[in-house]
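Working through the structure, step by step
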Amino acid sequence: MLMVVLLAIVPGVFAEIIVFENYDTTFEMKGDTLVVKKDMRMKNVGVNPIIPGEIHFRLSEEAKEGPVAPSITNFAVFNSRNDKVDSRQLKSDKEVDLIFTIWDPLLPQFHYDFVMEYEIKYDVKGILFYQITIPEEKTTIPIKGSSVTFRLPDKYHVTYAPDAKIETQGDTRVLSWEQGDNLRFEYSPLPLPKTGMQMVNIFWITVIVIFLVVFVLRIVLSRKGTL
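About the thresholds
- The numbers attached to residues start from 1 for each chain and follow its sequence in the written order.
- Side-chain atom pairs in this predicted model are given and counted only at pLDDT of 80 or more, local residue features only at pLDDT of at least 70, and totals for whole chains, interfaces and linings cover all residues.
- To get the side-chain values, all heavy atoms of the structure are used, and hydrogens and water are removed first.
- Secondary structure follows DSSP: runs of H or I at least 4 residues long count as helices, runs of E at least 2 residues long count as strands, and numbering of each begins at the N terminus.
- Each residue gets one of three labels from its accessible area relative to the maximum for its type: buried under 20%, exposed over 50%, partly exposed in between, using a 1.4 Å probe on protein chains only.
- Residue contacts follow a heavy-atom distance rule, with two residues in contact if any of their heavy atoms lie within 4.5 Å.
- To be clear on the numbers: accessible area is Shrake-Rupley with a 1.4 Å probe, and residue cover counts the displayed protein chains and nothing else.
- At least two DSSP bridges between two strands are required for those strands to pair.
- Every axis corresponds to a line fitted to the C-alpha atoms, with the helix fit spanning only the stretch in contact, and the corresponding angles, defined between N-to-C directions, vary from 0 to 180 degrees.
- Counting of polar contacts relies on pairs of N or O atoms within 3.5 Å, with two restrictions inside protein: one atom must be capable of donating a hydrogen and the other of accepting it, and residues adjacent in sequence are counted only when both atoms are side-chain atoms.
- Ring pairs shown here join Phe, Tyr and Trp side chains whose ring centres sit within 6.5 Å, with only the six-membered ring taken for Trp; geometry is labelled stacked below 30 degrees between planes, edge-to-face above 60, and tilted in between.
- Criterion for a salt bridge: a side-chain nitrogen of Lys or Arg within 4 Å of a carboxyl oxygen of Asp or Glu.

1. Overview of the overall build of the protein chain
Scanning the protein chain for helices and strands turns up three helices and 15 strands. Taken across its 227 residues, the protein chain has 39% of its residues classed as buried. Across the protein chain, contacts joining residues at least 24 apart in sequence account for 69% of those joining residues at least 6 apart. Accessible surface, the protein chain as shown: approximately 13500 Å² in total, 57% of it carbon and sulfur.

Have a look at this one:
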């Protein structure tokens, strides 16, 4: 039993024994809030039983001044029986640490299924073109299989989304990534197509080109008028 407890609290050994076999995240936009749901399967891939203990998920957002802690509300974790799991959050200036605790032994090749839920407040950046970057997340357990889904009201059009698959389901536009790292995209209320560049950049390049063309034409016409 002592060895089991030690394995549960020594991070180096712990990381080699327990993995997230499935780690599927869904974000749904509701006003200025992102509703987050994570379906997770934690598996013991070692040869000995282990007590998982505290599981940590650290989240941060990028701001002009550097990493900042996002505002997290309605944080809860449920097991496969829909029982609420002991959970809490710790917040610093730079990150939020979401924690839940499992004291039940996990036998070799067995797994636990969990659902984690929380909400994130965020500020939309832009006027005609809005950008979202999903907060960076770090966990104490290796993730072997993951996916990310973002549900956006279909009144918006996705104009930039590297590596994302996009489809429409009812009144929702759904972006999905498999094992994605670049979870950043741009959307707009304007009915514009998705391109390989951010539409806000294309917009400003177009505006600059128009101004240059008008400026050159004015010079040419003024010279013709003096002849």
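Let us keep going from here.
2. Regarding unusual backbone geometry
For Asn74, which is not glycine, the phi dihedral falls at a positive 55 degrees. Locating Asn74 in the fold gives a position in strand β5 (residues 71–79). Even without glycine at this site, Asn82 takes up a positive phi of about 65 degrees. Within the secondary structure, Asn82 sits in the loop between β5 and β6 (87–91). Classification of Asn82 as exposed rests on a relative accessible area of 58%.

3. Focus on the sheet that holds strand β13 (residues 165–169)
Across the sheet, seven strands lie side by side as β5-β8-β2-β1-β11-β14-β13; this open sheet has mixed pairing. The outermost strands of the open sheet, each flanked by one partner alone, are β5 and β13. Looking at each pair of strands side by side, their axes are set apart by 15 degrees on average, direction ignored. In this sheet, strand β14 (residues 172–178) lies alongside β13 in antiparallel orientation, the contact comprising five bridges. What sits directly across from Gln169, in β14, is Thr172.

4. Section: the side chain of Lys38
As for its placement among the helices and strands, Lys38 is situated in strand β2 (residues 33–44). Looking at Lys38, its side chain comes within polar contact range of the side chain of Thr25, at 2.9 Å.

5. Description of the sheet that holds strand β12 (residues 157–160)
Two modes of strand pairing occur in sheets, parallel and antiparallel, and in both the strands are linked by backbone hydrogen bonds. Pairing is antiparallel across the open sheet formed by three strands, whose spatial order is β9-β15-β12. A single partner strand is all that each edge strand has here, and the edge strands are β9 (130–133) and β12. Each strand axis lies, on average, 35 degrees off the axis of its neighbour in the sheet, ignoring direction.

6. As for the packing of aromatic side chains
Evaluated as defined, the whole model comprises 13 aromatic pairs. Measuring from centroid to centroid gives 5.2 Å for Phe100 and Phe114, while their planes differ by 45 degrees, and the two rings are tilted. You can see Phe100 sitting in strand β7 (residues 96–102) and its partner Phe114 sitting in strand β8 (residues 111–121), a full 14 residues away along the chain. For the residue pair Phe100 and Phe114, the accessibility class agrees, reading buried in each case. Each ring, one from Tyr130 and one from Tyr187, has its centre 5.3 Å from the other, and the planes form 50 degrees; the classification is tilted. One end of the pair, Tyr130, is in strand β9; the other, Tyr187, is in strand β15 (residues 184–188), with 57 residues separating them in the sequence. Taking relative accessible area as the criterion, Tyr130 reaches 18% and is therefore assigned buried.

7. What about the pattern of salt bridges?
Summed over the entire model, instances satisfying the criterion amount to seven salt bridges. When the shortest N-O distance is used, the salt bridge between Arg88 and Glu54 registers 2.7 Å. On the criterion of sequence distance, the pair formed by Arg88 in strand β6 and Glu54 in strand β3 (residues 53–63) is long-range, its members being 34 residues apart. Given a relative accessible area of 39%, Arg88 falls into the partly exposed group. Classification of Glu54 by relative accessible area gives partly exposed; the value is 34%.

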